Amino acid sequence: MPLDHNDQLTVLKDILSEHQLDCCGTVSECEQIERLAKSLLANSEVNAHVKQILPNIYAYGQGGKYSADLSAHISAHQSQLADWVNELS
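Note that the coordinates shown come from a computational prediction; the quantities given were computed from them, not determined experimentally.

A. Examining the overall build of the chain more closely. Along its length, the chain carries five helices and zero strands. Computed over the C-alpha atoms, the radius of gyration of the chain is 12 Å, within 12% of the 12 Å expected from 2.2 N^0.38 for a compact globule of 89 residues. In the chain, which comprises 89 residues, the proportion classed as buried is 35%. At a minimum sequence separation of 6, the contacts of the chain that also span at least 24 residues come to 65%.

Right, here's the structure in full:
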């Protein structure tokens, strides 16, 4: 069963929150961040304010996927992660 956009937002927020709190993550989580952000951008039911931050979240996921040091990538984005989690809440 596919997730609706509210479920997708919840999953996205959970992953970003874990990255923020744990300062670590996996490449597969970064790939999932990309997929969720891309899917949410294409969904007409998603709030316009949320759509404004999704490209930045997508870029974060993509940057993490290709980062040689994922923990450093996550650490460098701590303030943005906190902002995104708050804005998705």
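B. Main features of unusual backbone geometry. Here the phi dihedral of Cys-23 falls at roughly 55°; this positive angle occurs in a residue that is not glycine. Position of Cys-23 among the secondary structure elements: in the loop between α1 (5-22) and α2 (27-41). Given the relative accessible area of 30%, Cys-23 is considered partly exposed.

C. Fine view of the nonpolar core. Ranked by internal contacts, the top residues of the largest apolar core, which has 21 residues, are Leu-12, Leu-16, Leu-54, Ile-57 and Leu-88. For this core, the secondary structure elements donating two or more residues are α1, α2, α3 (48-65), α4 (70-76) and α5 (78-88).

D. Structural context of the side chain of Glu-29. Relative to the helices and strands, Glu-29 resides in helix α2. Buried Glu-29, no salt bridge; nearest opposite-charge side chain is Arg-35, N-O distance 11 Å. The contact partners of Glu-29, leaving out residues within four places of it in the chain, are Ile-15, Glu-18 and His-19.

E. Region of interest: the packing of aromatic side chains. Applying the stated criterion across every chain yields a total of one aromatic pair. Aromatic side chains Tyr-60 and Trp-84 sit 5.6 Å apart centroid to centroid with 65° between the ring planes, which places their arrangement in the edge-to-face category. Highlighted residues: Tyr-60 in helix α3 and Trp-84 in helix α5, separated in sequence by 24 residues. On the accessibility criterion, Tyr-60 (1% relative accessible area) is buried. Trp-84 gets classed as buried once you look at its relative accessible area, which sits at 5%.

Thresholds applied
- Residues numbered from 1 in each chain as written.
- Predicted model: local features only at pLDDT ≥ 70, side-chain atom pairs only at ≥ 80, totals over all residues.
- Heavy atoms only, no water.
- Helix = DSSP H or I, 4+ residues; strand = E, 2+ residues; numbered from the N terminus.
- Rg over C-alpha atoms; globule rule 2.2 N^0.38 Å.
- Buried < 20%, exposed > 50% of the residue type's maximum accessible area, 1.4 Å probe, protein only.
- Contact = heavy atoms within 4.5 Å.
- Core = buried A, V, L, I, M, F, W, Y, C linked by side-chain atoms within 4.5 Å.
- Lys, Arg positive; Asp, Glu negative; His and termini not counted.
- Salt bridge = Lys/Arg side-chain N within 4 Å of Asp/Glu carboxyl O.
- Phe/Tyr/Trp six-rings, centres within 6.5 Å; stacked < 30°, edge-to-face > 60°.

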